[in-house]
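# An overview of the molecular structure
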Amino acid sequence: MRGFGAFLGKELREIARTWRIWVLPGIVLFFALSGPPLAKVTPQILESFAGSQPGVIMQLPTPTYVDAYASWVKNLSQMMVFAVIIIFGGLVTSETKSGTAVLVLTKPLSRPAFVLAKFTGALVLLTGSILVGALATWGVTLVTFGEAPVGILARTTGAWLAFGVVLLGVMTLVSAWLSSQAGAAGLGIGVWFVLLMLTIWEPSVHYTPAGLVNAASGVLMGTAPDLAWPLVTGALMVAGCVAGAVAVFSRREL
Amino acid sequence: MVDTVPAIRLRRLTKTYGDAHALDGVELTVPEGSVFGFLGPNGAGKTTTLRILTGLARATSGSAKVFGIEVADAGNDVRARIGFLPDVPGFYDWMTAEEFLRFAGSLFGIAGSTLDARVESLLDLAGLTDVTTKVGGYSRGMKQRLGVAQALINAPSLLMLDEPTSALDPIGRKEVLDMIASLAGRTTVFFSTHILSDVERVCDTVAILDRGHVVTQAPIDELKARYGAQKVVVDVTGGVEDLVRDFEREAWASAVAHENHTIEVTVADVDAARRAIPAAVAARGVGLVRFEGGEVSLEEVFVDLVGGDR
């Protein structure tokens, strides 16, 4: 694991000093800041639209903080999934394609340390972005609705973050395996689609990482099953993916 | 006398990609302390050899040792002792040269005043001391100089450079070659290239690789003497046509050419030619203005060895 600390330091500085600090956190913050106001005005917009249609009468309940949180969860479950897949599709391939991997891996930086540092740096970015987004969602929801319980938002966000980390593990593996960022992203979408399909089979929702796919909305609505098994198998899946990434990348010729 | 372990030793090294043989039984020994030119046309297998030596690729069969350590099993043991510059080095564009050198040093575990001193001296060596722009804004020549500098951050026992001048303009080439030449005697330099003049300028020993084989390896002077039939250049005051006919009849002359008052004789027996030519000139009663040996160039050796059927 020689070189892990030095290379992780490079990863974190790279996040702070390049486009990476803007894209993922920017997407998250956009959703966090726009979600609660949109939740507030959506019923008025829909009622206004319905009023312009002859014979259509629409009555919607008064929006609450739950609608703001639901908007946050919806954006995480849809747009953020694609953002994570596309951005982290180049996690390892970007370094092999640009030639930087050759320069650092001919120094005493082991390939396992290289892969683990890439994963850890991405994990810091993903977690930090989601936490900042959750904080922003809480603040704007409080301002917009005058009420914003912390506990339910924390559990909801944590449930999605668990799924986000599973996706990150998958992207680490496919990015170490394939030489193309687009190919890695395509395969990542394929894995996500398989997990999505597995949610229609009840046992997989209770015992596999597929249970994390819709866990955030389930937690918010109070309909989520016990997440213990999905969390355990999800953690195993992440560990397996990262170990697989190390194994694949260690055998890869550069 | 104690046998020193060679810096690099390759034995029956092969690398295949499907049916293609990139390396086909390469035999090579690079003595410690030499500035070694690894010469070959494009596609000869130079980069593949370097990739195996640096652990970026695995050999199909055979042995590749650096300082007596098998590269395939060594990992960091070998990498800690080498410096490497790939043909197209990839840098983090957002770093400055100093930041990159510090980062490279940290990967070797170098820190504190040692790192400070090395970074300062290498920035000076690369001519980048006062450059504060990020690497993304560098010219190709600046990147190559930084590439050589980063390869020296660990004061390596062996510096391996893959085509370090191939894409540079004449000024950039001169700067990089000057850097390499300044390392002679301080570290072993293994330098792959297809540019013959670069090898002649900075290397003391050379190996020529062609289609995955090392076709020859020797000190440059010895190589020229061994593979090139030597030439003798004679300037005379007159009687050129007669002298050319005289030389063509001699067994020691394998080819004779002339232009104005200059005769160039390719000789098979140098000693015989040295005795016979002045005698022949004197016998014809003409003046001898110049009589000197002219060794063949490395380019002629190279073309003779690898260029025959291209």
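Residues numbered from 1 in each chain as written. Chains lettered and ligands numbered in written order. Predicted model: local features only at pLDDT ≥ 70, side-chain atom pairs only at ≥ 80, totals over all residues.

## Focus on the interface of chain B and chain A
Which entries qualify depends on this criterion: In this description, any two residues whose backbone-derived C-beta atoms lie within 7 Å of each other are considered to be in contact. The way it works is that DSSP assigns letters per residue, a run of H or I at least four long becomes a helix, a run of E at least two long becomes a strand, and they are numbered from the N terminus. Three classes are used, and their members are as follows: Ala, Val, Leu, Ile, Met, Phe, Trp, Tyr, Cys and Pro are nonpolar, Asp, Glu, Lys and Arg are charged, and the others, Gly among them, are polar.
Residue-level contacts link 22 residues of chain B with 21 residues of chain A. Put simply, the parts of the chain that give the side of chain B that touches chain A at least two residues each are helix 3 (76-79) and helix 4 (97-107) of chain B. Here the side of chain B that touches chain A takes 4 residues from helix 4 of chain B, the largest share from any one element. The residue makeup of the side of chain B that touches chain A, split by class, is 14 nonpolar, 6 polar and 2 charged.

## Quick word on the sheet that holds strand 8 (residues 188-193) of chain B
All names here are of chain B. Put simply, the rule is: If DSSP finds at least two bridges between two strands, the strands pair. Angles shown run from 0 to 180 degrees and are taken between the N-to-C directions of axes, each axis being a line fitted to C-alpha atoms and, for helices, limited to the stretch in contact.
The strand order across the open sheet built from 6 strands is 6-7-8-3-9-10, with neighbouring strands paired in mixed fashion. Single-partner strands in this sheet number two, and they are strand 6 (82-85) and strand 10 (213-219). Looking at each pair of strands side by side, their axes are set apart by 15 degrees on average, direction ignored. Where strand 7 (residues 158-162) lies against strand 8, 5 bridges are found, and the strand directions are parallel. Opposite Leu 158, over in strand 8, you have Thr 188 as the bridge partner.

## What to know about the sheet that holds strand 2 (residues 20-30) of chain B
Backbone-to-backbone hydrogen bonds join strands into a sheet, with any given pair of strands oriented parallel or antiparallel. All names here are of chain B. Judged by pairing direction, the sheet is antiparallel, and its 4 strands sit side by side in the order 2-1-4-5 without closing on themselves. Here the strands that pair on one side only, and so sit at the sheet edges, are strand 2 and strand 5 (69-70). Relative to strand 2, strand 1 (residues 8-17) runs antiparallel, the two sharing 8 bridges. Bridged to Tyr 17 within strand 2 is Ala 20.

## Quick look at the environment of Gly 127 of chain B
Residue and element names in this part refer to chain B. Note the cut-off: Residues with at least 20 other C-beta atoms within 10 Å of their own are called buried, those with 12 or fewer are called exposed, and the rest are partly exposed. The C-beta atoms themselves are positioned from the backbone.
Inspection of the secondary structure assignment puts Gly 127 in the loop between helix 5 (112-125) and helix 6 (140-151). Judged by the 16 C-beta atoms lying within 10 Å of it, Gly 127 falls in the partly exposed class. Between the C-alpha atoms of Gly 127 and Ala 149, which are 22 residues apart in sequence, the distance is 9.8 Å. Each residue touching Gly 127, except ones within four places of it in the same chain, is listed here: Arg 145 and Glu 175.

## A word on helix 11 (residues 228-251) of chain A
All names here are of chain A. For clarity, the cut-off: In this analysis, the expected span of each helix is defined as 1.5 Å times one less than the number of residues it contains.
With 24 residues, helix 11 extends 35 Å from end C-alpha to end C-alpha; this agrees with the ideal 34 Å at 1.5 Å per step. If you check which residues of helix 11 are buried, you get Pro 230, Gly 234, Met 237, Val 238, Cys 241, Val 242, Ala 245, Val 246 and Phe 249. Looking at the buried positions of helix 11, the neighbouring elements they touch are helix 6 (111-145), helix 7 (150-177) and helix 10 (215-221).

## Description of helix 1 (residues 46-53) of chain B
Residue and element names in this part refer to chain B. Most of helix 1 is tucked away: 8 of the 8 residues are buried. Here helix 1 has its buried residues at Lys 46, Thr 47, Thr 48, Thr 49, Leu 50, Arg 51, Ile 52 and Leu 53. Positioned one or two residues after helix 1, Gly 55 has a phi angle of 80 degrees, which is positive.

So far we have only geometry, and geometry alone does not tell us how the molecule works.
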